[in-house]
Amino acid sequence: KGRNQRQRLPVVPQGIERDVFMQALSELKDELGEENVEINDKPLVDGWYMEHPNTHDMMTILDEEELVASAVVYPGSVEEVQKIVAWANKYLVPIFPISMGRNLGYGGAAPRVRGSVTIDLGRRMNKIIDINPEDYTCLVEPGVSFYALYEALKERGYDHMWVDTPDLGGGSIIGNTVDRGVGYTPYGDHWACHSGMEVVLPTGEVIRTGMGGLPGNNTWQCFPYGFGPYSDGIFSQSNFGIVTKMGMTLMPNPGGYESFMYTFPREEDLAPLIEIIRPLRIAQILENVAQLRHVAQSVAVLGRPRSEFYTGSGPVPFSILHEAASKSPIGDHTWAYYGMSYGPPEIRAHKLALVDSSFRKIPGARKIDPSTLPADDYFFSRDKIAAGIPDIHELRWVNWTPNGSHIAFSPVSPIRGTDATALFKLGKELHDKYNIDFFPAFIVGLREMHLIVEIVFDRANQTKKKEALDCLRELVHEAAKLGYGEYRTHLVLMDQVAGTYSWNEGAVGKFNEKLKDALDPNSILAPGRCGIWGRRYRGRGWEM
Ligand code: FAD
C-alpha cells in the first residue's frame, strides 16, 4: 500500500535515454495538446470493470510492473493517429493501440512490451458515424461500446435492428472484433459480421479495405471483400495496423424470441450431448452461439466467494459443488445448456420441439421452466445477451477468489463428443495437478466449438499466480500435442501459442514476420502482439 501512495518513476521504453524520451513526449504534447499525453507516473490502480485502468492489466498474472505503459496518448482524429505513428518512427518508440482496454482475461489494457506508449483510441474517437436502417449496417469508431450502439438504436427508434454483444457489454465493438471475440446471437462471430475497415499503417498511410477503396461507393458496409486480395484478415490478431473505423452488420429483429435451458445429470453426458448438438447447430435449429456450462460455473456465477463453500486447499470437491448448486436451476445436474429460438411463436414451435426431442435422448435431461426462477437468476442474463441486450451479470464469477482475476485457456475443436471429452479430461487433470478449480464452458459456433476455461486467481497471491500460469502453459502445450490450438490468447502466452502453429517449420510465423517487416520497417507497432516480432526485436530475448 505504501508503495502505491508514492509517485512512480515512469518506465522508459528499452533502448531510449530517459531525457530523450521525456523530450520526445513534450514534442508529442505540442502536437496533440498537453491534456492528451499522460505520463504513467501515478500509482497503478486496478479499479474494476467499469473503471478499468488503461496503463496496465488490472488482472495481471505477472508482477504488476511487468507489462506497463510509459505513457498514454489520446488521439482525437485519424490525422492525430498518423502524427503519433510518425513520432514513434522518429524516436523508435513502441506504441500499442487499444480501443477501450477491457480485454480482460487476455491482457486487459496492457502493452506486450514494457514501456510502450499506449494509444487509447476510444477516449476521444468514440463516434457512431453512421447507422443505416435500410441496409442494417453501421460504421463506428474505436470508442463505441456494445452498450453505446445498443442505446443509439433505441434512441433512434430502430427497433427493427439488433446488436450482438459478448457476455459483458462494456467492451469496444472494434477492439472485440479485431481480437476475434464472440457474442451469442446468430451474429455472434463478430469478425464474420464486420464489413470494411479504415486502417492507419505503421508507416502512417491510411487505407480503407473492401469497397472502401472505391471513391464514392455506397457498399463499404454491405460487401466486405471489394476487389483483389482480402486484406482485412491481416489486421485482426496482429500488429500490422491501427483500425480507426469499422463497419458492422446488424441483425434483423426476428419478431420474437424464447430462451431455453436444459440440464443434464452426469459428467459423461458430455460426449453424447455434443453429438446431438452438432447436426442441430450446423442446420441452425440451434440458432445462436450457445453455451454448455459445467455446474462449477453455475456455482461461481452465483457471485459468492469459494470460501463460503469450501476452505480446503485443493479444488472444491464435486459433491460440495452439487450441494452449493442445489438451490439453483442446475440442481443436482452437471451440465446446463443455454440457447435461444428466434422468430414468432409458430416459427419457434417447430424448432423447439426438435430441440426438445433431441435433448431428451440424454437420460434424465430436464427442461427448466423460466417462470419458476427468481428474477436475478443467471438464466435471465443469458436471455438478454442472446437477444442482443448488453449486460454485466457475467462478472459475478470473478468474485470466486479475493482480488478476483482471470486468465483464459481457449482451444478450438470440431463439435464432436470425442474432442469434447479429450479437452475436458486434459483440463480436469491439469487443474487437479495445479490445485485449481476447473470452470469449463463449451461455446458452440457453426462447425467448431471454443472450450473457454477461465482460471480465476487471487492477483495478490504470488503462489496462486504461478500455479495458474504453469497450468496454462502446460494446457497449451499438451493440447497442441493432441492437435488443438487456441483461438485467442493472453499477452503472456502469445509467443507460446504462436509457436504451436508450427507446421512446415513454422512457415506461417515466417510469413507473418515478412509482412511485419514490410509494413512496419522500424518495428514500432505493438511489438510481440500475437507472437509477431519485427526485425528490431527478433532474436533478442523478448519472447516469453
Ligand atoms: P481492447 O482491449 O480495446 O482491444 C483488444 C485488443 O485488440 C487490444 O489489446 C489491441 O491489441 C487490439 N486492438 C484494439 N483496438 C484496436 C485498433 N483499433 N487497432 C488495432 N488493434 C486494436 N470476450 C468475448 O469475445 N466474448 C465474451 O463473451 C467475453 N466474456 C467475458 C466475460 C468476462 C467476465 C470478462 C471479464 C471478459 C470477457 N470477454 C469476452 C473478454 C473481453 O472483456 C472482451 O473481449 C472485450 O470486448 C475486449 O475488450 P475491448 O473491447 O475493450 O478491446
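Just above sits the structure.
Residues numbered from 1 in each chain as written. Predicted model: local features only at pLDDT ≥ 70, side-chain atom pairs only at ≥ 80, totals over all residues. Heavy atoms only, no water.

Now for the overall build of the chain. Secondary structure assignment for the chain yields 15 helices and 19 strands. Whereas a compact globule of 544 residues would reach a radius of gyration of roughly 24 Å, the chain reaches 23 Å, a difference of no more than 12%. Overall, the C-alpha framework of the chain stretches about 70 × 55 × 50 Å when taken along its three principal axes. Split into buried and exposed, the 544 residues of the chain put 60% on the buried side. Intrachain contacts of the chain at a sequence separation of at least 6 include 74% that bridge at least 24 residues. Of the charged side chains in the chain, 56 are positive and 68 negative, and the gap between their average positions amounts to 2 Å. (Helix = DSSP H or I, 4+ residues; strand = E, 2+ residues; numbered from the N terminus. Rg over C-alpha atoms; globule rule 2.2 N^0.38 Å. Buried < 20%, exposed > 50% of the residue type's maximum accessible area, 1.4 Å probe, protein only. Contact = heavy atoms within 4.5 Å. Lys, Arg positive; Asp, Glu negative; His and termini not counted. Charge placed at Lys NZ, Arg CZ, Asp CG, Glu CD.)

Below, the discussion takes up the sheet that holds strand β10 (residues 242-249). Strand order in the open sheet formed by five strands is β5-β6-β10-β8-β9, with antiparallel pairing between adjacent strands. The outermost strands of the open sheet, each flanked by one partner alone, are β5 (128-132) and β9 (206-208). The average undirected angle you get between the axes of adjacent strands in this sheet is 10 degrees. Pairing between β5 and strand β6 (residues 137-140): four bridges, direction antiparallel. Note that in β6 the partner of Asn-132 across the bridge is Thr-137. Its contacts with the sheet place helix α4 (residues 146-155) against β5 and β6, and it is angled at close to 50 degrees to β5. (Pairing = 2+ DSSP bridges. Axes fitted to C-alpha atoms, helices over the stretch in contact; angles between N-to-C directions.)

Attention now goes to the site of the ligand. Taken together, 30 residues lie near the ligand, and Ser-99, Met-100, Ser-172, Tyr-184 and Arg-488 sit nearest. Side-chain polar atom of Ser-99 to a nitrogen atom of the ligand: 2.7 Å apart, as the coordinates give it. Between the ligand and Val-182 there is a distance of 2.9 Å, counted from a nitrogen atom to a backbone nitrogen or oxygen. In isolation the ligand has 950 Å² of accessible area, and contact with the protein removes 96% of it. Breaking the shell around the ligand down by element, the ones donating at least two residues are β3 (95-98), α5 (173-178) and β10. At four residues, the largest contribution of residues to the shell around the ligand is made by α5. Here the residues of the shell around the ligand sort into 15 nonpolar, 10 polar and five charged. (Near = heavy atom within 4 Å. Polar contact = N/O pair within 3.5 Å; in protein donor to acceptor, adjacent residues only side chain to side chain. Areas by Shrake-Rupley, 256 points an atom, 1.4 Å probe, with all protein chains shown as cover. Nonpolar A, V, L, I, M, F, W, Y, C, P; charged D, E, K, R; others polar.)

Time to look at the sheet that holds strand β2 (residues 71-73). The pairing of strands in a sheet comes from backbone hydrogen bonds and takes either a parallel or an antiparallel form. With mixed pairing, the four strands of this open sheet are ordered in space as β1-β2-β4-β3. Strand pairing shows two members of the sheet lacking a second neighbour, β1 (37-39) and β3, which therefore form its edges. Strand-to-strand twist of the sheet, defined as the mean angle between neighbouring strand axes without regard to direction, takes the value 20 degrees. As defined by bridge partners, β2 adjoins strand β4 (residues 117-120) across three bridges and the pair is classed as parallel. Of the residues in β4, the one forming a bridge with Val-72 is Thr-118. The strands touched by helix α2 (residues 18-32) within the sheet are β1, β2 and β4, with β1 carrying the most contacts at an inclination of about 155 degrees. Contacts from helix α3 (residues 78-91) reach β2, β3 and β4, with the element oriented near 155 degrees to β3.

To continue, consider a nonpolar patch on the surface. Together, Phe-223, Tyr-225 and Tyr-230 give the surface a local cluster of nonpolar side chains, amounting to about 300 Å² of exposed area. Overall, Tyr-230 belongs to the partly exposed group, its relative accessible area being 34%. (Patch = residues over 30% accessible without salt bridge, like charges linked within 9 Å, V, L, I, M, F, W, Y side chains within 5 Å. Salt bridge = Lys/Arg side-chain N within 4 Å of Asp/Glu carboxyl O.)

Before going further, it helps to examine the side chain of Ser-70. Summarising the element assignment, Ser-70 is placed in the loop between β1 and β2. In this structure the side chain of Ser-70 is engaged in a polar contact, spanning 2.7 Å, whose partner is the backbone oxygen of Gly-115. In contact with Ser-70, other than residues within four places in its own chain, are Pro-10, Val-11, Pro-13, Phe-21, Ile-39, Asn-40, Gly-115, Ser-116 and Val-117.

Relative to the assigned elements, Ala-69 resides in the loop between β1 and β2. Sequence spacing of Ala-69 and Leu-482 is 413 residues, and the spatial spacing of their C-alpha atoms is 37 Å. Residue contacts for Ala-69: discarding those within four places in its chain leaves Asn-40, Thr-55, Pro-111, Gly-115, Ser-116 and Thr-118.

When you tally the buried positions in strand β13 (residues 290-294), you get five out of five residues, the bulk of the element. Sheet topology note: the β13/strand β18 (residues 440-444) ladder contains four bridges and is antiparallel. Across the sheet, Gln-291 pairs through a bridge with Ile-443, a residue of β18. Where β13 lies against strand β14 (residues 335-342), four bridges are found, and the strand directions are antiparallel. Across the sheet, Leu-292 pairs through a bridge with Tyr-337, a residue of β14.

Let's shift gears to the nonpolar core. Nonpolar side chains tend toward joint burial in soluble globular proteins. Residues Trp-87, Ile-95, Ile-131 and Phe-359 are the most contacted members of the largest nonpolar core, which totals 115 residues. For Trp-87, the contacting residues outside a window of four places in its chain are Ala-24, Leu-25, Glu-27, Leu-28, Val-93, Ile-95 and Val-117. If you look at the next biggest cluster of nonpolar residues, it comprises 29 residues, including Met-261, Val-301, Ala-336 and Leu-395. (Core = buried A, V, L, I, M, F, W, Y, C linked by side-chain atoms within 4.5 Å.)

Here we take up the layout of surface pockets. Its volume calculated, the largest pocket comes out at about 790 Å³. Ala-498, Tyr-501, Val-508, Asn-512 and Cys-530 are, among the 32 residues lining the largest pocket, the residues nearest its centre. Only α14 (494-500) and α15 (503-519) provide two or more residues apiece to the lining of the largest pocket. Residues belonging to the lining of the largest pocket are distributed by class as follows: 13 nonpolar, 11 polar and eight charged. (1 Å grid on protein atoms, 1.4 Å probe; cavity = no way out; pocket = protein on both sides within 12 Å on 5 of 7 lines; lining within 4 Å. Points joined across faces, edges and corners; volume = space filled by probe spheres on them.)

Glancing now at the packing of aromatic side chains. In this structure the tally under the stated criterion is 20 aromatic pairs. Centre to centre, the rings of Tyr-337 and Phe-359 are 5.1 Å apart; their planes meet at 70 degrees, and the pair counts as edge-to-face. You can see Tyr-337 sitting in strand β14 and its partner Phe-359 sitting in helix α10 (residues 345-359), a full 22 residues away along the chain. By relative accessible area, Phe-359 is classed as buried at 0%. Between Phe-424 and Phe-438 the ring centres are 5.4 Å apart and the planes differ by 50 degrees, which places this aromatic pair in the tilted class. Pair noted here: Phe-424 is in helix α12 (residues 417-433) and Phe-438 is in the loop between α12 and β18, with a separation of 14 residues, a long-range link. An aromatic cluster of at least three residues, connected via ring pairs, comprises Phe-260, Tyr-262, Phe-264, Tyr-337 and Phe-359. Sitting over the face of the ring of Tyr-49, Arg-102 holds its NZ or CZ atom 5.0 Å from the ring centroid. For the cation-ring pair, Arg-382 lies above Tyr-184, with the distance from its terminal atom to the ring centre recorded as 4.8 Å. (Phe/Tyr/Trp six-rings, centres within 6.5 Å; stacked < 30°, edge-to-face > 60°. Lys NZ or Arg CZ within 6 Å of the ring centre and 35° of its normal.)

Function-wise, these values are silent; they only describe arrangement.
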